[in-house]
Amino acid sequence: MSYIRIYGGKPLSGCLKMQGSKNAALPILAAAILHPGKTILHNCPRIRDVNYMLEILKSFQAKIDWEGDTLVIDCTHLKFSAVPSVYGHQMRSSIILFGAMLGRFGRAILPQPGGCIIGERPINMHLDVLHALGAEIGERDGFLYGVCPLLKGNDFCFLKSSVGATQQAILAAVKAEGVTRLYGCAREPEVVHLARHLNSRGADIRGIGSRDLEIHGVEQLCDVQDQIPPDRIVAGTYLCACAATRGQIQLEDAPVEEMQSFLQVYHKIGGQYEVKSGKLVADSRRVGLPLPFVRTEVYPGFPTDLQSPLMAVLALSKGTSHIRETIFEGRYRIVSELRKMGAQIEVSGQDAWIHGVDALRGGRLQAKELRGGAALVVAGLAAQGETLVEDCGYIERGYEHICEDLQALGGNICREADNDIGG
Ligand code: EPU
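Residues numbered from 1 in each chain as written. Predicted model: local features only at pLDDT ≥ 70, side-chain atom pairs only at ≥ 80, totals over all residues. Heavy atoms only, no water.

### Topic: the site of the ligand
- What surrounds the ligand is a group of 22 residues, the closest being Asn124, Ser162, Val163, Gly164 and Asp305.
- Between the ligand and the protein, one listed contact pairs an oxygen atom with a side-chain N or O atom of Asn23 at 3.0 Å.
- In the model, an oxygen atom of the ligand is placed 2.8 Å from a nitrogen or oxygen of the Met125 main chain.
- Across the complex, the protein chains shield 88% of the 830 Å² of accessible surface that the ligand would expose by itself.
- At the level of elements, helix 1 (22–32), helix 5 (124–132), helix 6 (163–173) and helix 12 (370–382) are the ones that each hand at least two residues to the shell around the ligand. (Near = heavy atom within 4 Å. Polar contact = N/O pair within 3.5 Å; in protein donor to acceptor, adjacent residues only side chain to side chain. Areas by Shrake-Rupley, 256 points an atom, 1.4 Å probe, with all protein chains shown as cover. Helix = DSSP H or I, 4+ residues; strand = E, 2+ residues; numbered from the N terminus.)

### Quick notes on the sheet that holds strand 23 (residues 412–416)
- Pairing in this open sheet of four strands is mixed, and the strands run 21-22-1-23 from one edge to the other. Strand pairing shows two members of the sheet lacking a second neighbour, strand 21 (364–366) and strand 23, which therefore form its edges. Direction aside, the axes of adjacent strands within the sheet are offset by 20° on average.
- Pairing analysis gives five bridges linking strand 1 (residues 3–7) to strand 22 (residues 386–390), with the strands arranged antiparallel. Bridged to Arg5 within strand 22 is Leu388. (Pairing = 2+ DSSP bridges. Axes fitted to C-alpha atoms, helices over the stretch in contact; angles between N-to-C directions.)

### A closer look at unusual backbone geometry
- In this chain, Tyr299 is followed by Pro300 through a cis amide linkage whose omega measures 10°.
- Relative to the helices and strands, Pro300 resides in the loop between strand 17 (294–295) and helix 10 (307–314).
- Positive phi, close to 75°, is recorded for Gln61, a residue that is not glycine.
- Along the chain, Gln61 turns up in the loop between helix 2 (48–59) and strand 4 (63–67).
- Even without a glycine there, the phi angle at Ser277 is positive, about 45°.

### A closer look at the pattern of salt bridges
- Evaluated as defined, the whole model comprises 21 salt bridges.
- Between Arg48 and Glu396 there is a salt bridge, with its nearest N and O atoms 3.5 Å apart. You can see Arg48 sitting in helix 2 and its partner Glu396 sitting in the loop between strand 22 and helix 13 (402–408), a full 348 residues away along the chain.
- Across the pair Arg331 and Asp305 runs a salt bridge whose closest N-O atoms are separated by 2.4 Å. With a gap of 26 residues between them, Arg331 in the loop between strand 18 (320–324) and helix 11 (335–340) and Asp305 in the loop between strand 17 and helix 10 connect regions that are remote in the sequence.
- Relative accessible area serves as the criterion here: at 17%, Asp305 is assigned to the buried category.
- Residues participating in the shared-partner salt-bridge network are Asp155, Arg181, Asp204, Arg206 and Glu214. (Salt bridge = Lys/Arg side-chain N within 4 Å of Asp/Glu carboxyl O. Buried < 20%, exposed > 50% of the residue type's maximum accessible area, 1.4 Å probe, protein only.)

Below, the structure is given as structure tokens:
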């Protein structure tokens with residue numbers, strides 16, 4: 001059993017540099033297979049989900065080299081194979097490889113990702129858009145099969161905003177024959193980063209950052225060197241840790257532009273911040289005001305991935321705060337763990353009312369998924385006494401060095417024991 005041990009109650013202080021973004025890196029790694037050549041990525045986070053994706057690329061015979069945080073991927077000589085189910089099951093976002101595999105191999109076999117702890121997470125739109133581009137898709141014995149010797153551009157309208165399905169469509173369309181027009185696309189920064197990355201290697205994607213994209217298929221892409229952008233969710237999580245402990249921290253390279261809705265909430269609960277010489281300088285000494293209402297929304301609204309860390313902060317604010325989760329129905333599994341620490345939270349459907357208490361007490365808690373697990377770390381840093389967060393493998397799927405980072409900010413936190421827990 002691997003766990004994180006925390007002795008809480010100390011305000012965080014100090015300066016930290018942001019890791020590269022998990023959710024930007026994963027589709028960019030999938031994009032690498034579209035081109036029989038090299039992809040060099042700087043600032044790539046060495047986290048579990050990236051490692052799982054690299055294992056999948058290796059199963060296609062890609063050559064992978066790390067030089068510090070620079071990743072060199074050589075996809076010159078790939079051989080088709082099915083995505084190994086061990087990784088497909090570990091990492092739900094392996095589905096993003098479907099379109100890229102069709103683009104490179106003309107066929108794809110992937111394990112069906114299934115539901116996950118934060119919600120059902122259907123993939124209907126992933127499949128619909130690939131079908132619209134000409135793929136024949138079937139399902140047998142828990143595997144998805146796709147075939148299409150040459151994808152063809154088409155028009156497609158997403159009925160709901162989906163980050164993954166938009167990325168899927170982009171990956172499939174860049175080398176498809178003709179023009180693809182996508183309506184109702186997600187506008188999350190991770191979609192924008194993927195599109196810009198692909199354009200930097202010869203793709204022709206127009207309307208980047210808008211709901212409607214026009215993609216002119218190209219015959220080939222080229223080698224590229226790129227930088228994985230900093231992680232807005234990790235930055236927001238550390239800001240929550242600062243807020244919960246009433247600390248003062250500086251985050252170097254935090255993607256402030258992408259964090260506006262979160263920063264507005266931080267300000268509403270009493271946090272103060274400014275951007276100085278490329279650093280987000282945050283002062284949480286006056287945090288403690290309740291948040292009358294916030295709902296999670298698609299970008300640029302408040303991100304669902306920061307809802308749980310925010311809940312940990314509000315558990316220690318004055319009065320009653322109200323959160324509505326509109327994206328993933330399973331996000332409130334963290335509530336039972338926070339209650340063990342003395343938090344007072346009522347849940348009804350999509351809504352949670354958090355009645356702030358003066359103090360949380362440390363306890364033995366279980367991480368059940370990535371962001372909820374990180375939120376327990378936030379709560380533990382603010383709580384009185386010792387907290388153990390079990391199953392911390394979930395947290396390490398997205399946070400490169402959560403213990404070292406928080407130690408650098410003065411947190412009394414360490415990882416103990418070692419075990420390979422997937423999720
Ligand atoms: N949806 C459908 N059908 C589909 C696809 C999605 O109904 O075919 C629904 C989902 O069930 C959900 C909504 O659409 O209700 C939005 O889901 P989306 O597809 O945007 O999520 P995702 O692409 O699966 C990514 C991030 C998540 C993040 C969400 C929302 C990655 C690898 N994952 O997931 O990040 O919460 O967008 O911003 O980029 C995390 O990092 O912890 C994480 C879960």
